[in-house]
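Results of the structural survey
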Amino acid sequence: MNNYSRRKFLKTGGALLAASSLPISMVEMAFGKDSEQNFTFAYISDSHITQIEGNKFVRNWDRGLIRAVAEANLLDPRPDFVFYGGDIAQLGKPEEIDHGLEILSALRGDVHYVMGEHDYYVDLGEYWQKQLGPDHYSFNHKGVHFVVLNSILTHEEWMHKKWDSGMDRMKQMARLDNPNGQPFMVGDKQRSWLKADLDKVSKDTPVVVFSHSPLQKIYKGWNFWTDDAEQVQALLKPFDKVTVLYGHVHQIQTNQIGNISFHAAMATAWPWPYPSTYTQQESYLPKLTVDMNRADPFFERDATGWQFINLHSGNVDVHYTLPDNEARVVAFDEKLGHPVDTKYQAMADRTSPQKHY
Ligand SMILES: [Fe+2]
Ligand SMILES: [Fe+2]
């Protein structure tokens, strides 16, 4: 992308931003000024399509996804592809997955998917895989190696124990604060696959990993957590530039661990509060995370928004715009070696986040 088209891209994005409050992300892979290799992709996540009965679905979640798809189709320049970050469905029902995929089928161009726990735990991913194929894979695009991991697996014994029904198992996993739930993990099998996959990639190739849960440990009580995160990070450690993009947490999060930058995408359905506002237990929210202001918990689109993500020579800058809040940019600082909030708002200037007990 040259400078002209980059300006055009940002300008177009700004116009769209002003007109909507949609939770879609644009990701720009930049290989330096004027590089022919630069490209963009869009990121949509966590639509949680919910069946009421028959062909009735929760309208608000439908509308969030429909609008994100419509806006993605209007992007100029065209994104090379769209990535979907998981949790198409609320309870993993075939009707919910099909309804979500029908909405997503209106997207122009290729779409890549990662599995969320809400897609998985009713039938252990069988229907999702029937419709969308393997739950982990990799592909190369214009000099970048992309890896997709299923990070929401858990202990085999728990998954296969004698449940009353698959829906019973799903409902254990589809809740926050459930002591009967289990921590997510990538698991031995996929980590062996990942090692073999990465062995074929040169260490100076930018690597982008898509997962549903964060491949870092944030807050276990809500499963903002992947139990074998450190082991996955160790496999990514030899590479010069690594970015992990994830859904699941329905909020803005940024972190840097060693060579790996982490960024979360917002949901099309609803925002989750920050674990730090939860007073009962200690939060492990990463230090670099910048809290969104929660303006109004009764406003259905509060804390959803747009993200523009630029990858400068393999490092990510995320441009966030929130509907009723100040826009902010979390940009990679070459000197500090991690992302920083370039428009940091002092606590006194923020709208206090919602407290919950
Ligand atoms: Fe979700
Ligand atoms: Fe999720």
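Above this text you will find the structure in question.
All of these numbers come straight from a predicted model, not from anything done at the bench.

Quick look at the coordination of the iron ion (ligand 1) now. Reference values for angles at a metal are 109.5 degrees in the four-donor tetrahedral case and 90 or 180 degrees in the six-donor octahedral case. At this site the iron ion (ligand 1) is bound by Asp46 (OD), His48 (NE2), Asp87 (OD) and His250 (NE2), with donor distances of 2.0 to 2.3 Å. Considering all four donor atoms around the iron ion (ligand 1), angles at the metal cover 89 to 175° and the coordination shape is irregular. On the primary sequence, the residues serving as donors to the iron ion (ligand 1) are separated as D-x1-H-x38-D-x162-H. In this structure, the iron ion (ligand 1) is positioned 3.4 Å from the iron ion (ligand 2), and both are ligated by Asp87. Note that Asp46 is positioned in the loop between β2 (39–44) and β3 (51–53) and Asp87 in the loop between β5 (82–84) and α3 (94–104), a separation of 41 residues in sequence. Taking the relative accessible area as the measure of exposure, Asp46 reaches 0% and is therefore buried.

Another point: the coordination of the iron ion (ligand 2). Around the iron ion (ligand 2), the donor atoms from the protein are Asp87 (OD), Glu117 (OE), Glu117 (OE), His212 (NE2) and His248 (ND1), and they sit 2.1 to 2.7 Å away. Written as a sequence motif, the donor residues of the iron ion (ligand 2) are D-x29-E-x94-H-x35-H. Judged by relative accessible area, which is 1%, Asp87 ranks as buried.

In this section: the nonpolar core. Counting 35 residues, the largest nonpolar core has Ile44, Leu65, Leu104, Tyr120 and Tyr121 as its most contacted members. Residue assignment for this core shows that the elements contributing at least two residues are β2, α2 (59–74), β5, α3, α5 (126–132), α6 (156–159) and α7 (166–173). Non-local contacts of Tyr120, meaning those with residues more than four positions away in its chain, are made with Met115, Gly125, Asn150, Ile152, Leu153, Met159 and Met170. One finds Leu149, Val186, Phe239 and Ala264 within the second-largest nonpolar core, a separate group that totals 23 residues.

Here we come to helix α8 (residues 188–199). Taking 1.5 Å of rise per residue, 12 residues should cover 16 Å, and α8 covers 16 Å from first to last C-alpha, within 8% of that figure. Buried within α8 we find Gln190, Arg191, Leu194, Asp197 and Leu198. Buried residues of α8, viewed axially, fall in a sector of 120°; they line one side. Counted as exposed and oriented over 90 degrees from the buried face of α8: Asp188, Lys189 and Asp199. Those residues of α8 hidden inside the fold are in contact with β7 (137–141), β8 (144–148) and α9 (229–236).

With that settled, consider the packing of aromatic side chains. With the rule as written, the count across this model stands at 19 aromatic pairs. Residues Phe41 and Phe146 carry aromatic rings whose centres are separated by 5.6 Å and whose planes lie at 85° to one another, so their mutual orientation is edge-to-face. Of this pair, Phe41 sits in strand β2 while Phe146 sits in strand β8, placing them 105 residues apart in sequence. Both residues of the pair, Phe41 and Phe146, belong to the buried class. Relative to Trp270, the ring of Trp61 has its centre 5.1 Å away and its plane inclined at 55°; by these criteria the two rings are tilted. Note that Trp61 is positioned in helix α2 and Trp270 in the loop between β12 (260–264) and β13 (306–312), a separation of 209 residues in sequence. Given the relative accessible area of 17%, Trp270 is considered buried. One Lys or Arg, Lys161, reaches over the ring of Trp163 and ends 4.9 Å from the middle of that ring.

Next up on the list: the environment of Phe332. Position of Phe332 relative to the elements: it lies in strand β15 (residues 328–333). For Phe332, a relative accessible area of 17% corresponds to the buried category. Each C-alpha atom, one on Phe332 and one on Thr342, is 9.5 Å from the other, the two residues being 10 residues apart in sequence.

With that settled, consider the sheet that holds strand β9 (residues 207–211). Taken in spatial order, the six strands of this open sheet run β7-β8-β9-β10-β12-β11, and their pairing is mixed. Both edges of this open sheet fall to β7 and β11 (254–257), since each of them pairs with a single strand only. Going across the sheet, the axis of each strand differs from the next one's by a mean of 20°, ignoring polarity. Taken together, the five bridges between β9 and strand β10 (residues 242–246) define a ladder with parallel strand orientation. The residue of β10 that forms the bridge with Ser211 is Tyr246. On the sheet, α8 packs against β7 and β8 and is oriented at approximately 170° with respect to β8. The sheet contacts of α9 involve β9, β10, β11 and β12, and relative to β12 the element is tilted by about 125°.

The rules we used
Residues numbered from 1 in each chain as written. Chains lettered and ligands numbered in written order. Predicted model: local features only at pLDDT ≥ 70, side-chain atom pairs only at ≥ 80, totals over all residues. Heavy atoms only, no water. Donors = N, O, S within 2.8 Å, 3.2 Å for Na, K, Ca; no water. Tetrahedral: all angles 85-135°; square planar, octahedral: opposite > 155°, others 65-115°. Helix = DSSP H or I, 4+ residues; strand = E, 2+ residues; numbered from the N terminus. Buried < 20%, exposed > 50% of the residue type's maximum accessible area, 1.4 Å probe, protein only. Core = buried A, V, L, I, M, F, W, Y, C linked by side-chain atoms within 4.5 Å. Contact = heavy atoms within 4.5 Å. Expected span 1.5 Å × (residues − 1). Arc of directions from axis to C-beta. Phe/Tyr/Trp six-rings, centres within 6.5 Å; stacked < 30°, edge-to-face > 60°. Lys NZ or Arg CZ within 6 Å of the ring centre and 35° of its normal. Pairing = 2+ DSSP bridges. Axes fitted to C-alpha atoms, helices over the stretch in contact; angles between N-to-C directions.

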